[in-house]
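Per-entry structural report
Spelled out from the first residue to the last, the chains are:
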2 protein chains.
Amino acid sequence: MNEVKVLKDGDITWVNGFKSSGVVADIKGNGGDKKDLAIIYCEKECVTAAVFTTNKVRSRTIDVNRENLSKGNINAIVVNSGNANACVGKKGYMDALRMTEITAENLGLDKEKVLVCSTGVIGVQLPMEKLEKSIPKAVKEIKDNGGKDTIEAIMTTDLVKKHIAVEFETENGEKIRIGGIAKGSGMIHPNMATLLGFITTDIDIDKELLQNTLKDITDKTFNMISVDRDTSTNDSLIIMSNGFANNQKVTDKNSIDYLRFKNALNFVMEHLAKSIARDGEGATKLIEVKVLNADSDKDAKNIGKSVITSPLVKTAVYGEDANWGRIIMAIGYSDAEVEEGTIDIFVGDIKVCENGIGVLESEVEINKELKKDEIVITIDIKLGEATARVWGCDLSYDYIKINADYRS
Amino acid sequence: MNEVKVLKDGDITWVNGFKSSGVVADIKGNGGDKKDLAIIYCEKECVTAAVFTTNKVRSRTIDVNRENLSKGNINAIVVNSGNANACVGKKGYMDALRMTEITAENLGLDKEKVLVCSTGVIGVQLPMEKLEKSIPKAVKEIKDNGGKDTIEAIMTTDLVKKHIAVEFETENGEKIRIGGIAKGSGMIHPNMATLLGFITTDIDIDKELLQNTLKDITDKTFNMISVDRDTSTNDSLIIMSNGFANNQKVTDKNSIDYLRFKNALNFVMEHLAKSIARDGEGATKLIEVKVLNADSDKDAKNIGKSVITSPLVKTAVYGEDANWGRIIMAIGYSDAEVEEGTIDIFVGDIKVCENGIGVLESEVEINKELKKDEIVITIDIKLGEATARVWGCDLSYDYIKINADYRS
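Here the residue numbering is sequential within each chain, running from 1 through the sequence in written order. Chain labels run from A onward and ligand labels from 1 onward, assigned in the order the entries are written. Local features in a predicted model are, by the rule used here, given only for residues with pLDDT of at least 70; side-chain atom pairs are given and counted only at 80 or more, and totals for whole chains, interfaces and linings are based on all residues. The basis for every side-chain value is the complete set of non-hydrogen atoms in the structure, without hydrogens or water.

1. What about the overall build of chain A?
Numbered from the N terminus, helices here are DSSP runs of H or I no shorter than four residues, and strands are runs of E no shorter than two. A tally of regular secondary structure across chain A gives eleven helices and 16 strands. Taking 22 Å as the expected radius of gyration for a compact globule of 408 residues, we find that chain A reaches 22 Å, a close match to that expectation. Going through the 408 residues of chain A one by one, you find that 62% of them count as buried. Across chain A, contacts joining residues at least 24 apart in sequence account for 80% of those joining residues at least 6 apart. Residue exposure ignores everything except the shown protein chains as possible cover, and the areas themselves are Shrake-Rupley values with a 1.4 Å probe. Accessible surface, chain A as shown: approximately 14,900 Å² in total, 47% of it carbon and sulfur. Charge centroids of chain A, computed over 53 positive and 64 negative side chains, lie 5 Å from each other. All radius of gyration figures rest on C-alpha atoms, and the globule criterion is 2.2 Å times the number of residues raised to 0.38. Each residue is placed in one exposure class: buried if its accessible area under a 1.4 Å probe, protein chains only, is under 20% of its type's maximum, exposed if it is over 50%, and partly exposed if it falls in between. Residue contacts are defined here by distance: any two heavy atoms, one from each residue, within 4.5 Å place the two residues in contact. In this tally, Lys and Arg are treated as positive and Asp and Glu as negative; His is ignored, and so are the chain termini. Charged groups are reduced to one reference atom each: NZ for lysine, CZ for arginine, CG for aspartic acid, CD for glutamic acid.

2. A short note on the packing of aromatic side chains
The aromatic pairing rule takes the rings of Phe, Tyr and Trp, using the six-membered ring of Trp, and pairs them if the centres are within 6.5 Å, calling planes under 30 degrees apart stacked, those over 60 edge-to-face and the rest tilted. Considering all chains together, one arrives at four aromatic pairs over all chains under this definition. Aromatic pair Tyr397 of chain A and Tyr397 of chain B: ring centres 6.3 Å apart, planes at 20°, arrangement stacked. Within this pair, whereas Tyr397 of chain A is found in helix α11 (residues 397–404), its partner Tyr397 of chain B is found in helix α11 (residues 397–404), the two belonging to separate chains. For the ring pair Tyr318 of chain B and Tyr397 of chain B, a centre distance of 5.9 Å and an interplane angle of 75° mean the geometry is edge-to-face. With Tyr318 of chain B in helix α8 (residues 311–318) and Tyr397 of chain B in helix α11, this residue pair connects regions lying 79 residues apart in the sequence. Taking the relative accessible area as the measure of exposure, Tyr318 of chain B reaches 23% and is therefore partly exposed. Judged by relative accessible area, which is 21%, Tyr397 of chain B ranks as partly exposed. Pairwise contacts between aromatic rings join Tyr318 and Tyr397 of chain A together with Tyr318 and Tyr397 of chain B into one cluster.

3. Focus: the sheet that holds strand β15 (residues 374–380) of chain B
The strands that make up a sheet are held in pairs by hydrogen bonds between backbone atoms, and each pair lies either parallel or antiparallel. All names here are of chain B. Strands are labelled as partners when DSSP assigns at least two bridges between them. In spatial order, the strands read β9-β16-β11-β15-β12-β13-β14; together these seven strands make up an open sheet with mixed pairing. Both edges of this open sheet fall to β9 (225–226) and β14 (357–358), since each of them pairs with a single strand only. Taken together, the four bridges between strand β12 (residues 344–347) and β15 define a ladder with antiparallel strand orientation. The partner of Phe346 across the bridge, within β15, is Thr378.

4. Focus on the relation of the copies chain B and chain A
Copy-to-copy superposition: least squares on the C-alpha atoms, limited to residues that have pLDDT of at least 70 in both copies. Least-squares fitting of chain B to chain A yields an RMSD of 0.0 Å, with the transformation described by 0.0 Å of translation along the axis and a rotation of 180°. Considering both components of the superposition, the chain copies are consistent with a two-fold axis. Residue Tyr397 of chain B, judged by its C-alpha, is the member of chain B lying nearest the rotation axis, at 2.9 Å. A symmetric contact is evident, with 100% of the interface residues of chain B recurring at the interface of chain A.

5. Details of the sheet that holds strand β13 (residues 350–354) of chain A
The sheet built from seven strands is open, its strands ordered β9-β16-β11-β15-β12-β13-β14 (chain A) with mixed pairing. The outermost strands of the open sheet, each flanked by one partner alone, are β9 (225–226) and β14 (357–358) of chain A.

6. What about the interface of chain B and chain A?
Taken together, the 57 residues of chain B in the interface contact 57 residues of chain A. Both faces considered, chain B and chain A share a buried interface measuring about 4,600 Å² in area, 56% of it formed by carbon and sulfur atoms. Here, a salt bridge means any Lys or Arg side-chain nitrogen found within 4 Å of an Asp or Glu carboxyl oxygen. Along the contact surface separating chain B from chain A lie two salt bridges. Whenever two N or O atoms come within 3.5 Å, that pair is a polar contact, provided that in protein one can donate a hydrogen and the other can accept it, and provided that, for residues adjacent in sequence, both atoms are side-chain atoms. Our enumeration of links across chain B and chain A arrives at three residue pairs in polar contact (both at pLDDT 80 or more). When contributions to the side of chain B that touches chain A are tallied by element, the ones reaching two or more residues are α8, α9 (324–332), β14 and α11 of chain B. Each residue receives one of three labels: charged for Asp, Glu, Lys and Arg, nonpolar for Ala, Val, Leu, Ile, Met, Phe, Trp, Tyr, Cys and Pro, and polar for the others, Gly being one of them. Residue composition of the side of chain B that touches chain A, by class: 23 nonpolar, 19 polar and 15 charged. Computed with a 1.4 Å rolling probe, the buried area is the accessible surface lost when two parts are put together, summed over both parts.

7. Here's the deal with the packing of helix α5 (residues 207–220) of chain B against helix α6 (residues 256–278) of chain B
All names here are of chain B. Here an angle of 0 to 180 degrees is reported between the N-to-C directions of two axes, which are lines fitted to C-alpha atoms, with helices fitted over the stretch in contact. One can describe the packing of α5 onto α6 by two numbers: an axis separation of 10 Å at closest approach and a directional angle of 45°. If you check the angle between α5 and α6, you find them oblique. When you trace α5 past α6, the crossing you get is right-handed. Contacts between α5 and α6 pair Leu209, Leu210, Thr213, Leu214, Asp216, Ile217 and Thr218 from the former with Tyr258, Phe261, Lys262, Leu265, Asn266 and Met269 from the latter. Classifying every residue of the contact of α5 with α6 gives eight nonpolar, three polar and two charged. Should an angle fall under 35 degrees it is taken as roughly parallel, and over 145 as roughly antiparallel, whereas 65 to 115 is taken as roughly perpendicular and any remaining angle as oblique. Each crossing gets its handedness from the near helix: less than a right angle anticlockwise from the far helix is left-handed, clockwise is right-handed.

8. Some points on the layout of surface pockets
Residues and elements named next belong to chain A. Reported here for the second largest pocket is a volume of approximately 370 Å³. Along the wall of the second largest pocket there are 14 residues; nearest its centre are Asp219, Lys220, Met224, Thr387 and Ala388. Elements that contribute at least two residues to the lining of the second largest pocket include exactly α5 (207–220), α6 (256–278), α7 (297–309) and β16 (386–393). It is β16 that provides the largest number of residues to the lining of the second largest pocket, a total of four residues. Here the lining of the second largest pocket is composed, by residue class, of three nonpolar, three polar and eight charged. Three or more residues apiece are contributed to the lining of the second largest pocket by two domains, here domain 1 (5–278) and domain 2 (286–404). Cavity: a set of points on a 1 Å grid over the protein atoms alone where a 1.4 Å probe fits but cannot get out. Pocket: an open set with protein on both sides within 12 Å along at least five of seven lines, its lining residues, like those of a cavity, having an atom within 4 Å of a point. Grid points are joined across faces, edges and corners, and a volume is the space filled by probe spheres set on the points. Domain delimitation in this document rests on an assignment produced automatically or drawn from a domain database.

9. Concerning the state of the cysteines
Criterion for a disulfide: a pair of cysteine sulfur atoms at a distance within 2.5 Å. With the rule as written, the count across this model stands at zero disulfides over all chains. Between Cys46 of chain A, a free cysteine, and Cys42 of chain A, which holds the nearest cysteine sulfur, the sulfur-to-sulfur gap is 3.8 Å.

10. Topic: the confidence of the model for chain A
All names here are of chain A. Model confidence for chain A is summarised by a mean pLDDT of 89, while 95% of its residues fall at 70 or above. Low pLDDT, under 50, characterises residues 187–193; the predicted model gives this stretch 48 contacts beyond four residues in sequence or across chains. Both confidence scores are given for the complex: pTM 0.78, ipTM 0.72. Scored from 0 to 100, pLDDT records how confident the predictor is in each individual residue.

11. A look at the domain arrangement of chain A
Residues and elements named next belong to chain A. For chain A, the domain assignment lists domain 1 (5–278) and domain 2 (286–404). The C-alpha-based centres of domain 1 and domain 2 are spaced at 32 Å. The interface is formed by 15 residues belonging to domain 1 together with 16 residues belonging to domain 2. For the pairing of domain 1 and domain 2, the buried interface totals around 1,400 Å² over both sides, and the portion due to carbon and sulfur atoms is 58%. A salt bridge links Arg389 to Glu270; the nearest nitrogen and oxygen atoms lie 2.8 Å apart.

12. Some details on the pattern of salt bridges
Residues and elements named next belong to chain A. Within the structure shown, the criterion is met by 66 salt bridges over all chains. Glu167 is the partner of Lys5 in a salt bridge, and the nearest nitrogen-oxygen pair spans 3.7 Å. Taken together, the residues span a long stretch of sequence, with Lys5 in strand β1 (residues 5–6) and Glu167 in strand β6 (residues 162–169) at a distance of 162 residues. Take Lys5: its relative accessible area is 44%, and that puts it in the partly exposed class. Several salt bridges share partner residues, and in doing so they unite Lys35, Lys143, Asp149, Glu152 and Lys161 into one network.

13. Observations concerning the environment of Ile256 of chain B
Tracing the backbone shows Ile256 of chain B in helix α6. Sequence separation between Ile256 of chain B and Glu171 of chain B is 85 residues, and the spatial gap between their C-alpha atoms is 7.0 Å.

14. Focus: the nonpolar core
By nonpolar core is meant a set of buried Ala, Val, Leu, Ile, Met, Phe, Trp, Tyr and Cys residues that side-chain atoms within 4.5 Å join together. Ranked by internal contacts, the top residues of the largest apolar core, which has 77 residues, are Ile331 and Ile379 of chain A. Looking at which element gives the most residues to this core, the answer is α6 of chain A, with ten residues. Setting aside anything within four residues of it in sequence, one finds Ile379 of chain A in contact with Val289, Lys290, Val291, Leu292, Ile303, Val307, Ile327, Ile331, Ile343 and Asp344 of chain A. Counting residues in hydrophobic clusters, the runner-up holds 76 residues, among them Ile205, Leu214, Ile345 and Ile381 of chain B.

Listed below in structure tokens is the structure:
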């Protein structure tokens, strides 16, 4: 696999042909100067793939996007923060549709060529008069290096800007770039919804192959993080490819170029997913759980999710407490096939439990391990060959503060 | 249904024929004077039923109890706190067996007539030399009004003593009593395991009928509470009936006496279950979620559990925040069949969401409701006729404090 080169401080507009903007629309109506409306644009129609939340209660923006994606390629995405456009009835659909219309009119496109994403308060109608005024402004502001403005505009209470751009070479030597940005501070922020991710690339690739690839990698990256188990109503991850790299179109999932692209896209998505987990509400540490030798992929995933979401495991990590009893408990109550007598548990490289029995003689080494910013918990089930990696964060006082004191 | 009379300050030894004790065995070895070893005893063999944890990682005490229950009736239960006798390999089984032997020898019984329960630190071997000395002492201390000593001995960090006794009359006028005690502060306490419940009754009842009844009511009471989703390795709920009431033996599940007993036992178990939820780690409020008109019992339960365990719902209740968006989100991501457009949500008697859309005009009334110690959230799914009630508690700073700072 040829190497993936990370482009320092890169983002979605580091990819040839993609422009974007971020402006202040005052959607929350508090007169603040935080950017809250963004447009991502390519003058060429892009082969576009997307995955959306599985929550049965969802923003109607998702319905509009599904319809437009079914009709063909896409030129632009309009995104607002500060309002999720969710749980507002039919008006939610009409408002989402209108956002694509305004954007399309100002860009000289058919409205089917525009996708729309919203993140923010649930159950409150969008302030459409403000969007009628601000979307034209956002279109005017579109520029070649607009990525950073776009990142600011999609953030809610994210503490960290989440962005990356990478480059790799095809077999024929064309340089391909992939840029990505994301927001999300907890699977859900208090009153807010959501994880949003936008990825651009200049590779020329078959649409169905791109969709399948996005889905596969999402299952191994974004679907493997959990901050608080709360799946939002608006989660959306969209990738646009404009083919500007003029590579030989990638259509074969066994071709070298495809494998290189998949490797690079996995790198980008894993980076963004881990950034979200690390920036989870109140998080002080990133936790990675590696499950080895489970009976099936489903079991490996269940075990990892059970451990990464356990409040007692999360608080133990926050307290830097070598509390492996909580880990084996969370393994035991997962739906997975496990046998207590074969379970090994490692924190970092230190074995704390062997065949279901504690083996920690001194706590000096383990306490050093627990002081790190990234805690890796490895669980060897010894029943099969399936593995999984999941990411999350610790549970701290600040999670309660952010979520309980939000309105005060 | 004839009325269930609550006997003020009652417990398990308020039932004719049941004696118990609670003594200091210093099982944690900190030289403290907290009672940590108890025996519950009836000189007559009792028809005994029990339910145990479903966690695949479990204390070996549970294996010993299953074996003894399969062999016949029971005279005594020996219980220790301070050590869960879990995740210690085969020795756990031998130690549990030895506890029943010592107890049996001192009571002049076969060891099969004794059950054993442990709650406390996981992964640490029981200090058997202390138990060899202390169990005979606990046997000597057995007395008619020993219930309160027993409650103290089984508590770990419970802040509240959980006990009740009730009385009802059979059709023939015999007075039947049921007494119960429980411990549990969170589904799991840091490093500790467990929920334990012990119920005594003097009713004469068929063993299989008693077991089925205990299981049914457990599913509606103890299995409907959640403090932190973490199912422990030691959960045990045991009921002993000695027939001292000399009622006509209850064998028919359609008889009036059976229905009266079931009603009274449900009262006792719901009381104990709610006491545990209310005393959950760091809890400031008891939350009851009522699910109405779901498509199936399974769906009703899934929806209730999804809402009662949502960290964002729990922190909103702690913050007294009328944050119904979090409730509908948790409904949406449950496995249950739901339609956003038919969901109504009430907090207390106040409707906050109708057919999936917010209807709260003023927050004055709702804020009054949220200041209460017991918050009742009613969810009307309007897809069927199944209902469920679940209980939990809010998520506060103290939950983090208890679980993260435990060792400090």
